[in-house]
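Here's the letter readout for the chains.
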Amino acid sequence: MSFVSSESRHDTSPDGSAAALSVRGVYKVFGRRPGDAVRRLADGATRDDVREQGSAAVIDASFDVRPGEIFVVMGLSGSGKSTLIRMLNGLLEPSAGSVEIGGRTVTKASAKEIREIRRSSVSMVFQHFALLPHRTVLENVAYGLEVNGVDKATRLAKAREVIGLVGLDVWADAKPDELSGGMQQRVGIARALAAETDVLLMDEAFSALDPLIRREMQEQLVDLQQRLGKTIVFITHDLNEAMFLGDRIAVMRDGRIVQIGSPEEILTDPANDYVAQFVQDVDRARVLTAASVMEPARAVVPSTAGPRGALRVMRDLQTAAVFVTGRGRTLEGWVRDRHVMRQVKAGDTNLDAIVNTEYARVAPDTALTDLFELAVESPLPIAVVDAEDRLLGVVPRVTLLAALGNVPTATMPIPVLEPVTRISDSDLDATLATGEQPILGDLTINTTDRTGADA
Amino acid sequence: MTSLFGFRLPLGNAVDAIVEWITTYLGGLFDVIAAIFTFFYEWIEYFLTTPPFWAVIVVLVALAFWAKGWKLALGTLIGLAVIVSIGEWSYAMESLALVVVAAGIAVVLSLPLGVWAARSDAASRTIKPVLDFMQTTPAFVYLIPALILFGIGPVPGIVATIVFAMAPGVRLTELGIRGVSSEVVEAGAAFGSSPWRILRQIQLPLARPSIMAGVNQVIMLSLSMVVIAGMVGAGGLGGQIVAALNRIDVGLGSEAGISVVILAIVLDRMTAAFGGDRKKRVPSRSKAAGAPTGADDPAPAPQQAEQPVPANA
């Protein structure tokens, strides 16, 4: 895939730091004449075409993994993902291409240099845990340090610390076969963490666990990654897992990487039919974020516009409430029509006095699953704000539903409150025109509306 | 007389010539080997025959207790007492010394060979037919050159025993190491372990049950060779059986034969216990008093069934 190669042909990530791991044009062909097979594959031959020369497990893989990111390689069995990960730490030697970890070339390194790179830069977590059954949990976790020549007291102390990190303190002196699968894999992760390498390779690490434990482990991994800032290359055949864990995902098929992108890119813009078909069944609510579905917020007035300005916007947009922003477009809250109207009638020009600060707001990277409850409780659209409280957009209920069903939403302005609760246009006009005549908006307000005011 | 179009392959003559060449030019080497084997044999025999019989029995019973528990200890005690009471004790100890030396050397040779065969397919393919050859060639056939090279005494018996008994040691070591989960070996490599460290810390410990089963088999096969060793002057229970055969002495033959069986069972149960999980080596209280030979333990029974001990004894 040419676009994959060209896209990843830069040695640095967007923030300018060097890639933690970089893979360039890597091939792996098992068989009698790997060289011939690589040449033919490079000319565009498929896996089946080179069956005579050998079996092509990985074809022209190129990508960079940025420091501190979780890079997921996803593919079905036989797609070459396990072969690919084994070339990253030199367990398998590529037929062509190069792999660099932390600036050191793994390919072409001598056996001794490769051992040194593994000890200092890259550790691994295995599908079936691969713990040493004749050693205790503590000794297993200390294994990497032991190989590294760290003295016994230091390595056991370090191992104990990491075991605490994965929550297995009380099991330190147990043998692995006394532990459940999930606990064994936590030992596997602790062993990899204790080795104090920057890069962690995880080969189908959670695939052997049952679904509930798997979910728990995924959350724990994300948590650990955020605390420790490790660079993780994670192999999986489970798309939901890939979407949940991955900062970026490489989708593999028949030995080739067919797309590299963020979970949302893969979901919303699949590179080909294969990927599209693949992502069909994914749980969209877990992958899509507030930022990817939010609508531009139109019902917004700066607090300097005053009650009259707010009322005018409400009339123009046919809505019963507007968001109010302060200096620098920071979100202050919202006001609803009857309060504003009362203020206009009273001749008060300070909109801030009636701003309601109780509303649902979320960060742009919040998953849709976390929006449902808020959407149920709040009649207002959910406000999406950045770290400085600036209003980025809004997510109304209808947008949530549309996003789940993969239906394009209408681009019409989004009313802040459901229209039924609105004060009639004529009343608004009258208020704006005169500002004196006492019109009781309460008459037209129903129960839904009261909930809204309370929210 | 049948012949292949009058052609006769001079195989026998060739082997004759080879053995003669070896005797002439490598005689010194074989003298050294003989001296080493004799040294080991006499040293161990000294420790088994010099002390009073009860002292040796106490040591062996203690060993049985440590290996498995009180049932095996009791069985060992009764078995050895029977050997003493039928007057075969000193012969039994001579045979035991021969078995210990031969099995010890066979294990020392077979372990590295098994490791090598496990690491290299080519080595495995080469070693396999050689082992088949060693195991299936009738023992008397290589006893003849052994006699020529080492002379009468325990040494040709030891050599013949090593040749015959080595094969399962090599095979089960290879099998055990190849059977270690490739992912665990990969894990060792992934953390930067050298091949030697992987062998020492991962492959050998995990292959231990299989290797110990091999050691057990080596010892059993060694014991089955004592009769043949007896024919070339090694003495011991083998010597007694050969003497009984010459005199058609049924009584003596059966006494020596029973002694071989008792030694075999005691050694088998002990080595099998060492091969098992250490945790399971605690005395079990689940059953009533153990049978004299420890036959209440069903675990090693399948191994016992394969052993040619009764046939040779």
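Residues numbered from 1 in each chain as written. Chains lettered and ligands numbered in written order. Predicted model: local features only at pLDDT ≥ 70, side-chain atom pairs only at ≥ 80, totals over all residues.

Student: Mind laying out the overall build of chain A, listing which residues take part and the relevant values?
Tutor: Scanning chain A from terminus to terminus reveals 20 helices and 16 strands. Within chain A, buried positions represent 45% of all 455 residues. For chain A, restricting intrachain contacts to residue pairs at least 6 apart in sequence, the fraction spanning at least 24 positions comes to 65%. (Helix = DSSP H or I, 4+ residues; strand = E, 2+ residues; numbered from the N terminus. Buried ≥ 20, exposed ≤ 12 C-beta atoms within 10 Å, placed from the backbone. Contact = placed C-beta atoms within 7 Å.)

Student: Report on the overall build of chain B, specifying residues and quantitative values.
Tutor: Helix and strand counts for chain B come out as 15 helices and zero strands. Per-residue burial for chain B yields a buried fraction of 43% across its 313 residues. Pairs at least 24 apart in sequence give 78% of the contacts found in chain B among residues at least 6 apart.

Student: Describe the packing of helix α2 (residues 27-49) of chain B against helix α8 (residues 154-178) of chain B, and please don't skip the residues or the numbers.
Tutor: Helix-helix packing is described using two parameters, namely the angle between the two axes and the distance between the axes. Residues and elements named next belong to chain B. Across the interface, α2 lies against α8 with an axial gap of 9 Å and an inter-helix angle of 95 degrees. The pairing of α2 with α8 is recorded here as roughly perpendicular in orientation. Where α2 abuts α8, its residues A34, F37, T38 and Y41 lie against P154, V155 and I158. Among the residues forming the contact of α2 with α8, the class breakdown is six nonpolar, one polar and no charged. (Axes fitted to C-alpha atoms, helices over the stretch in contact; angles between N-to-C directions. Parallel < 35°, antiparallel > 145°, perpendicular 65-115°, else oblique. Nonpolar A, V, L, I, M, F, W, Y, C, P; charged D, E, K, R; others polar.)

Student: Run through the pairing of strand β4 (residues 96-101) of chain A, naming residues and quoting values.
Tutor: Residues and elements named next belong to chain A. For strand β1 (residues 21-30) and β4, the ladder comprises five bridges, and the chain directions are antiparallel. Across the sheet, S22 pairs through a bridge with E100, a residue of β4. Pairing analysis gives two bridges linking β4 to strand β5 (residues 104-105), with the strands arranged antiparallel. Residue pairing across strands places E100 opposite T105, the latter belonging to β5. The hairpin formed by β4 and β5 contains two residues between the paired strands, and G102 there has a positive phi angle of roughly 50 degrees. (Pairing = 2+ DSSP bridges.)

Student: Residues and numbers for the environment of V141(A), please.
Tutor: All names here are of chain A. Along the chain, the position of V141 falls in helix α5 (residues 137-141). Along the primary structure V141 and I189 are separated by 48 residues, whereas in three dimensions their C-alpha atoms are 8.6 Å apart. Each residue touching V141, except ones within four places of it in the same chain, is listed here: A159, V162, I163, V187, A190, R191 and A194.

Student: I'd like a rundown of the sheet that holds strand β7 (residues 199-203) of chain A, residues and numbers included.
Tutor: Residues and elements named next belong to chain A. Spatial strand order, β6-β7-β8-β3-β9-β10: six strands in an open sheet with mixed pairing. Edge strands, defined here as strands with exactly one partner in the open sheet, are β6 (122-125) and β10 (256-261). Ignoring which end each strand starts from, the neighbouring axes of this sheet average 20 degrees apart. Both strand β3 (residues 70-74) and strand β9 (residues 248-253) contribute to a ladder of four bridges, which runs parallel. Looking at the pairing, V73 lines up with A250 of β9. Across the sheet, helix α3 (residues 81-88) lies against β3, β6, β7, β8 (231-236) and β9, angled at about 155 degrees from β8, the strand it touches most. Packing against the sheet, helix α8 (residues 181-194) makes contact with β6 and β7, and its axis sits at approximately 180 degrees to β6.

Student: Can you tell me about the interface of chain A and chain B, naming the residues and giving the values?
Tutor: With 18 residues of chain A at the interface, the matching set in chain B holds 15 residues. Going through the elements one at a time, α4 (111-120), β6 and α6 (143-147) of chain A are the ones with two or more residues in the side of chain A that touches chain B. Looking at the side of chain A that touches chain B residue by residue, the class counts come to nine nonpolar, five polar and four charged.

Student: I'd like a description of the confidence of the model for chain B, backed by residues and values.
Tutor: All names here are of chain B. Residues with a pLDDT of 70 or more make up 87% of chain B, whose mean pLDDT is 83. Under a pLDDT of 50 for its full length, residues 278-313 has, in the predicted model, 50 contacts with residues more than four places off or in other chains. Two summary scores accompany this predicted model of the complex, namely pTM at 0.71 and ipTM at 0.70. (pLDDT = per-residue confidence, 0-100.)

Student: Requested: an account of helix α18 (residues 397-404) of chain A, with residues and values cited.
Tutor: All names here are of chain A. When α18 is considered as a whole, its buried residues turn out to be T399, L400 and A403. Taken down its axis, α18 places every buried residue within 105 degrees of arc, on the same side. Where α18 is buried, its residues meet α13 (284-287), α14 (290-293), α17 (372-377) and β16 (391-395). (Arc of directions from axis to C-beta.)

Student: Just give me the short version of the sheet that holds strand β15 (residues 382-385) of chain A, but keep the residues and values in it.
Tutor: Residue and element names in this part refer to chain A. Reading across from one edge, β14-β15-β16 is the order of the three strands in this open sheet, with mixed pairing throughout. The open sheet has two edge strands, β14 (361-362) and β16, and neither has a second partner. Inspection of the sheet shows β14 paired to β15 by two bridges, in the parallel sense. Bridge pairing links V362 to V384 in β15.

Student: Please give an account of helix α10 (residues 195-224) of chain B that cites residues and values.
Tutor: Across its 30 residues, α10(B) extends only 37 Å between first and last C-alpha, which sits more than 12% below the 44 Å expected from 1.5 Å per residue. The axis of α10(B) is deflected most strongly, by about 60 degrees, at R208(B), and proline P209(B) appears within four residues downstream. (Expected span 1.5 Å × (residues − 1). Bend = angle between axes of the 7 residues up to and from the residue.)

Student: Lay out the confidence of the model for chain A in plain terms, naming residues and giving numbers.
Tutor: All names here are of chain A. Overall, the prediction assigns chain A a mean pLDDT of 82, with 88% of residues at 70 or greater. Below pLDDT 50 for its whole length, residues 1-16 participates in 21 contacts with residues either more than four positions away or in separate chains. Within the model, pLDDT remains below 50 along residues 435-455, and this stretch shows 35 contacts once partners closer than five positions in the same chain are excluded.

Student: Describe the environment of F164(B), naming the residues involved and giving the relevant values.
Tutor: Residues and elements named next belong to chain B. By the secondary structure assignment, F164 is in helix α8. A count of 24 C-beta atoms within 10 Å places F164 in the buried class. Spatially, the C-alpha atoms of F164 and N246 are 25 Å apart, while their sequence positions differ by 82 residues. For F164, the contacting residues outside a window of four places in its chain are M134, Q135, A139, L221 and M225.

Student: Help me get a handle on the environment of G90(A), residues and values and all.
Tutor: All names here are of chain A. Its location among the elements puts G90 in the loop between α3 and β4. C-beta crowding within 10 Å serves as the criterion here: with 22 such atoms nearby, G90 is assigned to the buried category. Along the sequence, G90 and A403 sit 313 residues apart, while their C-alpha atoms lie 43 Å from each other. Discounting chain neighbours no more than four positions away, the residues touching G90 are V106, A109 and I114.

Student: Help me get a handle on unusual backbone geometry, residues and values and all.
Tutor: Residue and element names in this part refer to chain A. The phi dihedral of F129 is positive, around 75 degrees, even though this residue is not glycine. Among the structural elements, F129 can be located in the loop between β6 and α5. C-beta crowding within 10 Å serves as the criterion here: with 26 such atoms nearby, F129 is assigned to the buried category. A positive phi is found at A130, a non-glycine position, where the angle reads about 50 degrees. Of note, A130 is situated in the loop between β6 and α5.

Student: Now, about the packing of helix α15 (residues 306-317) of chain A against helix α16 (residues 337-346) of chain A: what can you tell me, with residues and values included?
Tutor: All names here are of chain A. Taken N-terminus to C-terminus, the directions of α15 and α16 make an angle of 140 degrees; their axes are 9 Å apart at the nearest point. In this view, α15 runs oblique relative to α16, as classed from their interaxial angle. Like other packed secondary-structure pairs, α15 and α16 cross with a definite hand, here left-handed. Residues P307, R308, A310, L311 and M314 of α15 pack against D337, V340, M341, Q343 and V344 of α16. Split into classes, the residues belonging to the contact of α15 with α16 amount to seven nonpolar, one polar and two charged. (Left-handed = near helix turned anticlockwise from the far one by under 90°.)

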